[in-house]
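Survey of secondary and tertiary structure
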Amino acid sequence: MFTKFTNILQQAVEALAPSLPLQEDFVFHWKAITHYYIDTSDDKAPVTDTNIPSHLDQMLDTLVQEENERESGETGPCMEYLLHHKILETLYTLGKADCPPGMKQQVLIFYTKLLGRIKQPLLPHINVHRPVQKLIRLCGEVLAAPTENEEIQFLCIVCAKLKQDPYLVNFFLENKSPTRGASSRKTEVDIPNKTSVPEDLASGTEQARSSESDTSTGSCNASCRAVISPLNSSSKSSQHSTDQSASLDSMTLSPQTAAARSSDHNQNQNYNLVNSLINLSKSPDGRIVVKASEGLMLLVSLPEPAAAKCLTDNTSLCQLLTERLGTLYRALPQSIDAMDIESLESVNWGLDSYSHKEDAAAFPGKRALISFLSWLDYCDQLIKEAHKLTAVALARAIRERFLVPVMEPQLLQTSEIGILTSISLLNRIIRQITSNAMLRELVFFLLGEQRQPEAAGDNKHQLRYRLIEHCDHLSDEISIMTLRMFEHLLQKPNEHIIYSMVLRNLEERNYIENKPPCQEDKDIVENGQIAGAVDLEEDPLFTDLSPDNRLLGSNWLTASPPPTPDHTKSDGKTEVHKIVNSFLCLVPDEAKSSYYVEGTGYDTYLRDAHRQFRDCCGNCMRWDWPAIPKPLEKCNLESPFFEGHFLKVLFDRMGRILDQPYDVNLQVTSVLSKLSLFPHPHLHEYLLDPYINLAPNCRSLFSVIVRVVGDLMLRIQRIPDFTPKLLLVRKRLLGVEPDGPIRVTIGRVQSMACCHLCHTKSNLHNFDMVLNPNNLSHMKRCDDGNGC
């Protein structure tokens, strides 16, 4: 009670007393703090019951007022006094001793406000950054400490200062001591041109350090007096010194010197600012975790190479990211539904305020899933913002410590439920990743780093081969989810994805028959047949197509483009309208329903196809792809052609399109559509040009569709009232009629291919003039009168 009365009386006296010059006022408040330790014997009273917080606030206000009254960048006498008499060093010692109780909190607040409110650069001064370094080491030592909030505020303001002046980070790369114990961190940065320190101050500091091991409150106060007493005597002898400015110059470390020294010793350094933030990121308080994560993101983005290397080599940041990813991934329930994973709204890292009780769309495992995706998003954003050296190291660590040991066994398991869940999570991870470094490591993890052409039966990269196998799994759910995963992967801006999956097998163009072209069949149509295309009447798979077994409208076999003297341009590419017409003529009139429903032709896909193609071209611009195919004389046409495991599965699926569920067919055609968007001349030629002469035993998308159409025409003949049933199915697909058993179509992939070719050749105007909007539509298969 008496102490509180004294505080009130002291504040009243200060308010009524005449104002002193700023320097005298500043010195008065500092001496009032030092006298407390000399005169007071009550060590148990908390600091809030003393005048110390008030005096510290007055000192800070005085420094701010002094700076405002002077020109920008000019150091005033109060600031010179603070630097010359090492007030921050003394406050650090008092805060570390936490004497009186709560002093550490007050010191952290003073440091934070000083760095935040003073505009002139303070950290280059040795008597600022050295005590700041020491105070940083005190932060995060104890989780859930009462000073945690002040600690994180202090660390964040230091990070903000480093973000403004990145070179300052070199002051915080401290040399490791070879004899330092695991818990001791007393080594400082070696400073050239060290400032001379008064012997009495040095002896007082050593005396304080020697008493740090005492735990009693009496010895705490004695320790503080050992530091305060020499300071008072030192301040008296140097109060009227006239060369303080010169002393300040010697106390300021040049950034060039600091950078050079940190570069020389980056293999043997501590980055205590990062270590303290990592410790606080493990706090049970979510707000502290978010603040610590923000501080780490500021530090990894600094452009200093020495700091980037020290961060990855000498801190546990990589370990923090990967271990937490693994822990959160393992915490996901195995029974979580794949559709719940797919339908979960976008998750961003930050303060996680999810409430299970308030969520109407809650499902088992949602809490754990959000936590995992939130941390994944943080890792991705951290790598995206990081220095290049740091980004590469962090991404590689995630691959080596999380993807390979944690995720790969889940993706290779044989349990159908486990496969579905793990692929759904992988799909979600692919969709969420945006950083180039992390995407590259994920792609190498999934597809391998090989760039040479594939060989049939080659499964050196087990995970890649297994995932492609899952596209043709007995479980339709697994097939659809895996195809969807590859579809999302193809949309990512990484050249190795499309090269590994498709392009590496097309480099030599050995899908083209190696024979001299004859004048008779050089890109012309003979007897209504495309040169080099599959003749269904002579194909052993379609021997049922006898003259007695054809529909009246079976002239669809000869509905290819009219003969022209030349179908190729000077660059070797087939004219667009010829290719488009070839695809349009594939589906006979008997199998079309767009005649009966307005606005359902291929043209409904044009706008979306144009947008997708534009986006794809934007991603591919920096990949330096050729504009024309590789000359045949430079290709190795003698080598055997293998389409690759991925295209093989897609073509196999496409060939069974009449017998597969609707959802599977949609996903297959969607993936083929994405492949058709890539503006590579070899991919165009092989996937979309029906005029090329395929090598023996080779197939293309066009040849696969031709066979499907031939099978379709045979089946149509066995279905009574086919046209009404076809129209009924279209209405079901549009939601007009109730759902029923449905089989699907090749119309979508055709329309996407046609639209893609038009945009590729920059010939959309001619495309619209030549094509009839009703020439392409969805094709359905009706079965036993129950619909298609």
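No experiment lies behind these values; they were computed from the predicted model shown.

Below, the discussion takes up the overall build of the protein. Looking only at helices and strands, one finds 33 helices and four strands in the protein. The buried share of the protein, reckoned over its 788 residues, is 53%. In the protein, once contacts between residues fewer than 6 apart in sequence are set aside, the share between residues at least 24 apart is 80%. Roughly 35,200 Å² of accessible area belongs to the protein as shown, and the carbon and sulfur atoms make up 51% of that amount.

Bringing the nonpolar core into the picture now. Nonpolar side chains tend to gather and get buried jointly when the protein is soluble and globular. Of all hydrophobic cores here, the largest spans 192 residues; its most connected members are L91, F154 and Y271. It is helix α18 (residues 366-385) that provides the largest number of residues to this core, a total of 11 residues. Apart from the residues lying within four places of it in its own chain, the contact partners of Y271 are V169, F172, L173, L299, L302, A307, C310, L311 and T315.

On to the pattern of salt bridges, then. As enumerated under the stated definition, the model contains 27 salt bridges in all. One salt-bridge network, in which partners are shared between bridges, spans E643, K648, D652 and R699.

Summing up the model confidence of the protein, the mean pLDDT is 78 and the portion of residues at 70 or higher is 69%. Throughout residues 262-266 the model reports pLDDT below 50, and contacts reaching past four residues in sequence, or to other chains, amount to eight contacts. Scored below 50 in pLDDT, residues 742-788 makes 144 contacts in the model with residues more than four places away or belonging to other chains.

On to helix α30 (residues 701-716), then. Helix length check: α30, at 16 residues, gives a terminal C-alpha distance of 22 Å against a target of 22 Å (1.5 Å per residue), a fit within 8%. A large share of α30 lies buried, amounting to 14 of its 16 residues.

Moving on, we get to a negative patch on the surface. A contiguous patch of negative charge on the surface is contributed by D337, E416, D476, E477 and D663. Relative to the assigned elements, E477 resides in helix α23 (residues 476-490).

Looking now at the side chain of E66. Here E66 shows up in helix α3 (residues 52-69). Polar contacts involving the side chain of E66 include one to the main-chain amide nitrogen of M79, which spans 3.3 Å. Ignoring any residue separated from it by four or fewer positions in sequence, one finds E66 in contact with L22, G76, P77, C78 and M79.

Reading the values: the criteria
Residues numbered from 1 in each chain as written. Predicted model: local features only at pLDDT ≥ 70, side-chain atom pairs only at ≥ 80, totals over all residues. Heavy atoms only, no water. Helix = DSSP H or I, 4+ residues; strand = E, 2+ residues; numbered from the N terminus. Buried < 20%, exposed > 50% of the residue type's maximum accessible area, 1.4 Å probe, protein only. Contact = heavy atoms within 4.5 Å. Areas by Shrake-Rupley, 256 points an atom, 1.4 Å probe, with all protein chains shown as cover. Core = buried A, V, L, I, M, F, W, Y, C linked by side-chain atoms within 4.5 Å. Salt bridge = Lys/Arg side-chain N within 4 Å of Asp/Glu carboxyl O. pLDDT = per-residue confidence, 0-100. Expected span 1.5 Å × (residues − 1). Patch = residues over 30% accessible without salt bridge, like charges linked within 9 Å, V, L, I, M, F, W, Y side chains within 5 Å. Lys, Arg positive; Asp, Glu negative; His and termini not counted. Charge placed at Lys NZ, Arg CZ, Asp CG, Glu CD. Polar contact = N/O pair within 3.5 Å; in protein donor to acceptor, adjacent residues only side chain to side chain.

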